[in-house]
Amino acid sequence: MSTKNGYTPADTAHILNEALPYIRRFHGSTIVVKYGGNAMVDEGLKESFARDVVLMKLVGMNPVIVHGGGPQIGKTLEEMGRKTEFIAGMRVTDADTMEVVEMVLGGHVNKEIVRLINRHGGKAVGLSGKDGGLIRARKLQVTRESPEADAPEIIDVGLVGEVESIHPEVVETLDTGDFIPIIAPIGVGPEGETFNINADLVAGRLAQELAAEKLVLLTDVPGILDSGGGLLTGLDPEQVNGYISDGTIAGGMLPKVRCCLDAVGGGVQSAHIIDGRVDHALLLEVFTDAGVGTLIRGTAGRTQK
């Protein structure tokens, strides 16, 4: 006899038995998840992500979600007839564009995630980094090498920021009240100005401040791959730095990997780069032996996942 998903009762029992040690080990732990990529676009993946987060909370973990929203911002700007310029991979953000960014991230995207999680039985609360002074930000300095100049050229990308400090009291209060925080990566500057911040960087810093067990980055790739396309996992920081030095880790993966290294160097037990295109990727990474992505262990972390 099989279930509607093709599993027999024995299969289901095996899956639950495999998950039990992880449920026990991570009970009461904080898991910071950066939610982005195709998992935020595909309707089926959005539903499965919401169910995963609710289940994690129900078995005693404290998931904290930091979300992106680049494609949604781009679509909204296009519909408004506004052109978008990117420099060094960052959207040039003037004051008018920042209003759209805040509307999309703090409004549409954030509230949709809250709605989905609440619909599946969770108690999600939407925040931006401006709420409760959660994220203090400063203007990001972007430089570009110029052959005509002796020093790197400083480029103004507008209201793009970086994290100056995290004040997680509001998140901790929500966690203890059985709520699930959903955070838009928007920070406030010293003069009250609003900054758009990379969601990976916010998630990494927040994981450090919360002394999280895990930082999980959902991406549109399987994880860190070797030169033959095989998945690399169970890595320590020394191994990761070796792969950076020999060029195995390069391009768009570099910022995510460095975010993970900063997190585990700051006390997070492990960091994970996983494929958000896989249905229930979050549960598979946290609750199964094999996982679905790359695990990077902290220097003081456990020897197991």
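Here, the structure is the one placed above.
Summary of the structure given here. (Residues numbered from 1 in each chain as written. Predicted model: local features only at pLDDT ≥ 70, side-chain atom pairs only at ≥ 80, totals over all residues. Heavy atoms only, no water.)

1. A word on the pattern of salt bridges
For the record, the criterion: For this analysis, a salt bridge means a side-chain nitrogen from Lys or Arg found within 4 Å of a carboxyl oxygen belonging to Asp or Glu. By definition, any uninterrupted DSSP run of H or I lasting at least four residues is a helix, any uninterrupted run of E lasting at least two residues is a strand, and each is numbered from the N terminus.
Under the defined criterion, the tally for this structure stands at 10 salt bridges. K34 is paired through a salt bridge with D200; the nearest N and O atoms lie 3.2 Å apart. One end of the pair, K34, is in strand β1 (residues 30–35); the other, D200, is in helix α6 (residues 199–209), and 166 residues separate them in sequence. Its salt-bridge partner being R115, residue E112 comes within 3.9 Å of it at the nearest N-O pair. Residue E112 and its partner R115 are both found in helix α4 (residues 95–119); the two are separated by three residues, about one turn of the helix.

2. Re the side chain of K256
Selection criterion: We call a residue buried when its accessible area falls under 20% of the maximum for its residue type, exposed when it is over 50%, and partly exposed in between, using a 1.4 Å probe and counting protein chains only. What makes two residues a contact is simply this: any of their non-hydrogen atoms within 4.5 Å.
Among the structural elements, K256 can be located in helix α8 (residues 253–265). Here K256 falls in the buried class, since its relative accessible area comes to 17%. In this structure, K256 is in contact with K34, D200, L217, T219 and I273, ignoring residues within four places of it in sequence.

3. A short note on the layout of surface pockets
Convention followed: Cavities and pockets are defined on a 1 Å grid built over the protein atoms alone: a cavity is a set of grid points where a 1.4 Å probe fits but cannot escape, while a pocket is an open set with protein on both sides within 12 Å along at least five of seven lines, and lining residues are those with an atom within 4 Å of any such point. Grid points are joined across faces, edges and corners, and a volume is the space filled by probe spheres set on the points. Nonpolar residues are Ala, Val, Leu, Ile, Met, Phe, Trp, Tyr, Cys and Pro. Charged residues are Asp, Glu, Lys and Arg, and all others, Gly as well, are polar.
A volume near 1200 Å³ is recorded for the largest pocket. Lining the largest pocket are 44 residues, and of these G89, I197, N198, A199 and D200 sit closest to its centre. Looking at the lining of the largest pocket, the elements that each hand over two or more residues are α3 (70–79), β4 (90–91), β9 (160–166), β12 (194–197), α6, β13 (214–219) and α8. Among the elements that line the lining of the largest pocket, the one with the most residues is α8, at seven residues. For the lining of the largest pocket, a count of residues per class yields 20 nonpolar, 14 polar and 10 charged.

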